[in-house]
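Each chain, written out:
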Amino acid sequence: MSLNHYLHKKVSVLTLDGRTMVGTLESCDGSMNLVLSEAVERIIRPREEDVPSEEVPLGLYIIRGDSVAIVGRVEEELDASIDWTQVRGEVLGTTRHV
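To start, this report covers the structure provided alongside it. The shown structure was predicted, so the numbers you read here are calculated from the model rather than taken from an experiment.

Regarding the overall build of the protein chain
Helix and strand counts for the protein chain come out as one helix and five strands. When the helices and strands of the protein chain are placed in sequence order, the string is β-β-β-β-β-α. Compactness check: the protein chain gives a C-alpha radius of gyration of 14 Å against a globular reference of 13 Å for 98 residues, within 12% of the reference. Principal axes of the C-alpha set define a box for the protein chain whose edges measure 40 × 40 × 20 Å. Looking at the 98 residues of the protein chain, the share that counts as buried comes to 31%. Taking the contacts inside the protein chain whose residues are at least 6 apart along the sequence as the reference set, 54% of them involve residues at least 24 apart. Side-chain charges in the protein chain split into 10 positive and 17 negative, and the spacing between the mean points of these groups amounts to 3 Å.

What follows is the structure in structure tokens.
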């Protein structure tokens, strides 16, 4: 599947190890290597942890294609309305088959 229609738009990327990165898709290739600008990693903590969830700034970030599980478009207005420090959820874990 081509991601060219997502170029210069905000996307969310779930990696095979369960990490979530959000940023503007600047470039992609046939191997699914991605370049995100203004990227952040969203770390969602479980309810039982006292530490708040967070967004860690990454800046310009390259994601290797062999670690990408899912890429999706972000609805920017909705995304901006969410206080990500208040979001809680269970750890996804890996999506890699062993």
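Topic: the sheet that holds strand 2 (residues 20-28)
With antiparallel pairing, five strands are arranged side by side in an open sheet as 4-3-2-1-5. Every other strand in the sheet has two partners, leaving strand 4 (54-63) and strand 5 (68-73) as the edge strands with one partner each. Direction aside, neighbouring strands of the sheet carry axes that sit 30 degrees apart on average. Note that strand 1 (residues 10-15) and strand 2 share five bridges and pair antiparallel.

Some remarks on the pattern of salt bridges
Where side chains of opposite charge bring their charged atoms close, a pairing between them can arise. All told, the structure shown has six salt bridges when counted by the stated rule. Of the charged contacts, one joins E55 and R42 as a salt bridge, the two residues approaching to 2.6 Å between their closest N and O atoms. Of this pair, E55 sits in strand 4 while R42 sits in strand 3 (residues 34-43); the two residues are 13 residues apart in sequence, bridging distant segments of the chain. In the salt-bridge network here, residues are joined through shared partners; they are K10, R42, E55 and D79.

Details of the packing of aromatic side chains
Going through the model one piece at a time under the given rule, you end up with zero aromatic pairs. The residue whose ring lies beneath R42 is W84, and the NZ or CZ to ring-centre distance is 3.9 Å.

Here's the deal with the environment of I62
In this structure, I62 sits in strand 4. For I62, a relative accessible area of 62% corresponds to the exposed category. Separated by 16 residues in the primary sequence, I62 and P46 have C-alpha atoms spaced 27 Å apart. Sequence-distant contacts of I62, that is, excluding residues within four places in its chain, are made with L34 and V35.

Brief notes about the side chain of T15
With respect to the helices and strands, T15 occurs in strand 1. Within the local environment of T15, its side chain forms a polar contact with the side chain of D17, the two groups lying 2.4 Å apart.

Quick notes on the rules
- Residues numbered from 1 in each chain as written.
- Predicted model: local features only at pLDDT ≥ 70, side-chain atom pairs only at ≥ 80, totals over all residues.
- Heavy atoms only, no water.
- Helix = DSSP H or I, 4+ residues; strand = E, 2+ residues; numbered from the N terminus.
- Rg over C-alpha atoms; globule rule 2.2 N^0.38 Å.
- Buried < 20%, exposed > 50% of the residue type's maximum accessible area, 1.4 Å probe, protein only.
- Contact = heavy atoms within 4.5 Å.
- Lys, Arg positive; Asp, Glu negative; His and termini not counted.
- Charge placed at Lys NZ, Arg CZ, Asp CG, Glu CD.
- Pairing = 2+ DSSP bridges.
- Axes fitted to C-alpha atoms, helices over the stretch in contact; angles between N-to-C directions.
- Salt bridge = Lys/Arg side-chain N within 4 Å of Asp/Glu carboxyl O.
- Phe/Tyr/Trp six-rings, centres within 6.5 Å; stacked < 30°, edge-to-face > 60°.
- Lys NZ or Arg CZ within 6 Å of the ring centre and 35° of its normal.
- Polar contact = N/O pair within 3.5 Å; in protein donor to acceptor, adjacent residues only side chain to side chain.

Geometric descriptors of this kind do not, in isolation, establish any biological role.
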